[in-house]
Amino acid sequence: MTPRPCISRLCRPCRRVAGLAGLGLAALPVLAQSWAQSALDPAGPQARQLAVLSWWMFGIAAAVLAGVTLLVLWAVLRGRRGAQDRPLGTRRGLWVVVGGGVLLPLVSAIALLGASLAVGRETSGPGPGGALVVEVTGHRWWWEAHYLDPQGLRVATVANELHVPVGRPVRVLLKSEDVIHSFWAPNLQGKTDMVPGRTNVAWFQAEREGTWRGQCAEFCGLQHAMMAFLIVAEPPARFEAWLQRQAQPAAEPADALARQGRQLFESRACVMCHAVRGTVAAGQVAPDLTHLASRRTLAAGRLPNNRGSLAAWIVDPQQVKPGTTMPPTRLSGDELHALLHYLEGLR
Ligand code: CUA
């Protein structure tokens, strides 16, 4: 009789579980490739150190799981063959208890703790000089960002989309206006909490061009899952041009329809919350809209920034993002058309 392969001695459910686990393991390297929001696709030194640490932790945990599974299988198969038990009181039994139950877990826990602390210190320390400083404030449920000059003065205000130059360290000062949020762009850095009343600091550096998605990582209410942002890393010259544009006041309306749109914007409740620099709108509790049309998304990553999304957001924001503090705006078709035309000109 030909000997049966080891796995065929398992019961059917066990074989299925083993098959699924094998498939999952085989798919991991594929899944790690090029995600716009993935700690497994690091785009900077801080994220890379975290990714290496994660893979080590995963590897050690997988080895422990495999070892324990093999030992259990061995014990079961041995038991079926009617082998004699060895009481734990013997020397060999004692070695199993002390070695497997105390020494091995203790050594691996201490090693992993040491590695975690070392990586934590590496990724949170100040980078080389000449860092770009950005102050990011968490709101329910969007992100406000101020770019600071070397004197700490605000040069540009943006929302929900950060641009950074490739190769330059970025120092992010993290604050919150309401509850605890957490700033997390997994391709670039680990999570850092944003706590009301204090300023936390995170560092990251993008090594290559790209657009990565970040996400609030601390439950902060109804739309926590829809509190996203983008980090766009671009060559230094393109970044400087972007920053200069963002620092400018809003463009003047280009035609009569846009002028009508601006008049509508200034006469409605919009100005109570939003700012458009260069107009009477100076609200401070909602995103600055001075260069709204230059952004890729609306409502903190909830919608792509296009005419249809913008119309839906203005007319019925509660439908798009239930719980948001933005109220609906009643407009006729013509008025909405003019307002959209104006907002689309805010490049
Ligand atoms: Cu902000 Cu979750």
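Residues numbered from 1 in each chain as written. Predicted model: local features only at pLDDT ≥ 70, side-chain atom pairs only at ≥ 80, totals over all residues. Heavy atoms only, no water.

Visitor: I keep staring at the overall build of the protein chain and nothing clicks. Help me out?
Guide: Counting secondary structure elements, the protein chain contains nine helices and twelve strands. Here the protein chain holds 347 residues, and 38% of them are scored as buried. In the protein chain, the share of contacts with a sequence separation of at least 24, taken over all contacts with a separation of at least 6, comes to 61%. Accessible surface computed for the protein chain: about 19500 Å², of which carbon and sulfur atoms make up 63%. (Helix = DSSP H or I, 4+ residues; strand = E, 2+ residues; numbered from the N terminus. Buried < 20%, exposed > 50% of the residue type's maximum accessible area, 1.4 Å probe, protein only. Contact = heavy atoms within 4.5 Å. Areas by Shrake-Rupley, 256 points an atom, 1.4 Å probe, with all protein chains shown as cover.)

Visitor: How should I be thinking about the packing of aromatic side chains in this particular structure?
Guide: We describe a pair of aromatic rings using the distance from one ring centre to the other and the angle between the two ring planes. Taken as a whole and judged by the stated rule, the model has eight aromatic pairs. Look at Tyr 147 and Phe 239: their rings are 6.2 Å apart centre to centre, the planes differ by 45°, and that puts the pair in the tilted class. Here Phe 239 lies in helix H4 (residues 236-247) and Tyr 147 lies in strand S2 (residues 142-148), a separation of 92 residues in the sequence. Like Phe 239, Tyr 147 is buried. For the ring pair Phe 265 and Tyr 342, a centre distance of 6.1 Å and an interplane angle of 50° mean the geometry is tilted. With Phe 265 in helix H5 (residues 256-267) and Tyr 342 in helix H9 (residues 333-344), this pair connects stretches of sequence that are 77 residues apart. With a relative accessible area of 3%, Phe 265 lands in the buried category. Taken together, the ring pairs in this structure connect Trp 143, Phe 183 and Phe 229 into an aromatic cluster. (Phe/Tyr/Trp six-rings, centres within 6.5 Å; stacked < 30°, edge-to-face > 60°.)

Visitor: Help me understand the nonpolar core in this model?
Guide: For soluble globular proteins, the rule of thumb is that nonpolar side chains tend to be buried together. The biggest cluster of nonpolar side chains holds 32 residues, and the ones touching the most others in it are Val 136, Tyr 147, Leu 162, Phe 183 and Ile 231. Of all hydrophobic cores here, the second largest spans 23 residues; its members include Leu 310, Ile 314, Tyr 342 and Leu 343. (Core = buried A, V, L, I, M, F, W, Y, C linked by side-chain atoms within 4.5 Å.)

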